[in-house]
Amino acid sequence: MRVWLFIIGFGLASCYANECVRTREMPTGLKLDHYRSPTPACVPQGVTLATAELKTLIETEQPVLIDVMAVYLREDQEFGATWLVNEPHFNLPQSVWLPNTGYGTLEPKIETWFKAQLAQLTAGNLNRPLVFYCVADCWMSWNAVQRVRAYGYQRVYWYKEGIDGWKAAGWPLVNSEPQPFDQK
């Protein structure tokens, strides 16, 4: 029994370390499809947070909270680009919703917009803590963590439980709108 408790305890501890060992269940790079499926326990290049840990981080360091839930982007020459949100979307208070930034492959215009949003949100500070989330069992936030680390951001966190975990813990959610898509 003690051996099993040690193994379980060791496995949980490794999920919260900076070094996440890539398992065979994880893609070798970013996840390219089936984004709503069971996710691994940790993310390479990032720190995985449980709800209580996220709450503490929010209270002590005011990280930038980024929801990456996807939504359709409608582009029309007459009206420009508009996110088409077909139902209310709720996320963690004081979050920024940057849709479609967690796909495995980003269109160049989305990647350019994403980088500009990150630069603005962090005031160019690569050490500003960033927390990425979506809903439970969503690979998009897992992808976003690795992508942002490749951009040079140093303190990158994955809130694996996402909106579902926050709600289950009894913490409030707020109605959200995606950040406007500006191709400048």
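None of these values were measured; they are calculated from a predicted model.

### Focus: the pattern of salt bridges
Evaluation of the coordinates by the stated rule reveals six salt bridges. Glutamate 25 serves as the salt-bridge partner of arginine 24, at 3.7 Å between the closest nitrogen and oxygen. Here glutamate 61 makes a salt bridge to arginine 155, at a shortest N to O gap of 2.4 Å. You can see glutamate 61 sitting in helix α2 (residues 51–61) and its partner arginine 155 sitting in the loop between α4 (139–150) and β8 (156–158), a full 94 residues away along the chain. On the accessibility criterion, glutamate 61 (33% relative accessible area) is partly exposed. According to the relative accessible area criterion, arginine 155 is partly exposed, its value standing at 25%.

### Quick notes on the sheet that holds β8
The five strands are arranged β1-β8-β7-β2-β6 in an open sheet whose pairing can be described as parallel. Each edge of the open sheet carries a strand with a single partner, namely β1 (47–48) and β6 (95–97). Sheet analysis places strand β2 (residues 64–67) next to β6, joined by three bridges and oriented parallel. Its bridge partner being in β6, aspartate 67 is matched across the sheet by tryptophan 97.

### Some thoughts on the pairing of strand β3 (residues 72–76)
Relative to strand β4 (residues 80–84), β3 runs antiparallel, the two sharing five bridges. Across the sheet, glutamate 75 pairs through a bridge with alanine 81, a residue of β4. Where β3 folds back onto β4 in an antiparallel hairpin, the turn is made up of three residues.

### Focus on α2
Along an α-helix, residues three or four positions apart point the same way, because every turn accommodates 3.6 residues. If you check which residues of α2 are buried, you get Thr51, Leu54 and Leu57. Each buried residue of α2 lies within a common arc of 120 degrees when the element is viewed along its axis, so the set occupies one face. In α2, the exposed positions that point more than 90 degrees away from the buried face belong to Ala52, Glu59 and Thr60. Considering only its buried residues, α2 is in contact with β2, β7 (130–133), β8 and α5 (162–168). Backbone geometry just after α2 places glutamine 62 at a positive phi near 45 degrees.

About the thresholds
- Within each chain, residue numbers correspond to sequence positions counted from 1 in written order.
- Reporting of local features is limited, given that this is a predicted model, to residues whose pLDDT is at least 70; pairs of side-chain atoms are given and counted only at 80 or more, and all residues count toward the totals for whole chains, interfaces and linings.
- Here the side-chain values reflect all heavy atoms present in the structure, with hydrogen atoms and water set aside.
- We define a salt bridge as a contact between a side-chain nitrogen of Lys or Arg and a carboxyl oxygen of Asp or Glu at a distance within 4 Å.
- For the purposes of this entry, the term helix denotes a DSSP run of H or I that reaches at least four residues, the term strand denotes a run of E that reaches at least two, and both are numbered from the N terminus.
- Throughout this description, buried means an accessible area under 20% of the type-specific maximum (1.4 Å probe, protein chains only), exposed means over 50%, and partly exposed covers the range between.
- Pairing between strands requires that DSSP locate at least two bridges from one strand to the other.
- Arc, as used here, means the arc of the directions from the helix axis to the C-beta atoms.
- Contacts are residue-level and defined by heavy atoms, with any inter-residue pair within 4.5 Å sufficient.

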